[in-house]
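Coordinate analysis (summary)
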Amino acid sequence: MLPSAETCARWKNKKFVRQPHRMIIGFLVSVCVLFYAIFSGQYGAAQMFGAIALIFLFFYAIANFIVWRARDIE
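The paragraphs below set out a description of the structure included in this document. Here the structure is a predicted model, which is why all the values come from computation and not from measurement.

By secondary structure assignment, the location of Ser30 is in helix H3 (residues 21-39). Judged by relative accessible area, which is 5%, Ser30 ranks as buried. Contact partners of Ser30, with chain neighbours within four places excluded, come to Phe49, Ile52, Ala53 and Phe56.

So this is what it looks like as structure tokens:
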């Protein structure tokens, strides 16, 4: 069940969607730490920061989907 275009138009005004740079910065920091952990041999930390990077990427994809669906209304 995907949200309707009207719901996405309302959600588009939320801080979460209007400021995606926070998600991108979090993703980039997580990926940098992920590579550092891999090359230093700390595989447990690499798994954790890989999961954190995927979470940031998932939320960024949700924000882009909301903006994309809201364009149907405008």
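The residue Gln47 is located in helix H4 (residues 43-70) in this model. Separated by 11 residues in the primary sequence, Gln47 and Tyr36 place their C-alpha atoms 12 Å from one another.

Now for the nonpolar core. Counting 5 residues, the largest nonpolar core is built from Cys8, Val17, Ile66, Val67 and Ala70. When residues of this core are assigned to their parent elements, the largest contribution, 3 residues, is made by H4. In this structure Val67 touches Lys12 and Val17, once residues within four positions along its chain are discounted.

Right, let's get into the packing of H3 against H4. Where H3 meets H4, the closest approach of the two axes is 8 Å, and the angle between their N-to-C directions is 160°. In terms of orientation, H3 and H4 fall into the roughly antiparallel class. In this structure, H3 meets H4 at a crossing whose hand is left-handed. Contact residues: Met23, Ile24, Gly26, Phe27, Ser30, Val31, Val33, Leu34, Ala37 and Ile38 in H3; Tyr43, Ala45, Ala46, Phe49, Gly50, Ile52, Ala53, Phe56, Leu57, Phe59, Tyr60 and Ala63 in H4.

What counts, and at which threshold
- Residues numbered from 1 in each chain as written.
- Predicted model: local features only at pLDDT ≥ 70, side-chain atom pairs only at ≥ 80, totals over all residues.
- Heavy atoms only, no water.
- Helix = DSSP H or I, 4+ residues; strand = E, 2+ residues; numbered from the N terminus.
- Buried < 20%, exposed > 50% of the residue type's maximum accessible area, 1.4 Å probe, protein only.
- Contact = heavy atoms within 4.5 Å.
- Core = buried A, V, L, I, M, F, W, Y, C linked by side-chain atoms within 4.5 Å.
- Axes fitted to C-alpha atoms, helices over the stretch in contact; angles between N-to-C directions.
- Parallel < 35°, antiparallel > 145°, perpendicular 65-115°, else oblique.
- Left-handed = near helix turned anticlockwise from the far one by under 90°.

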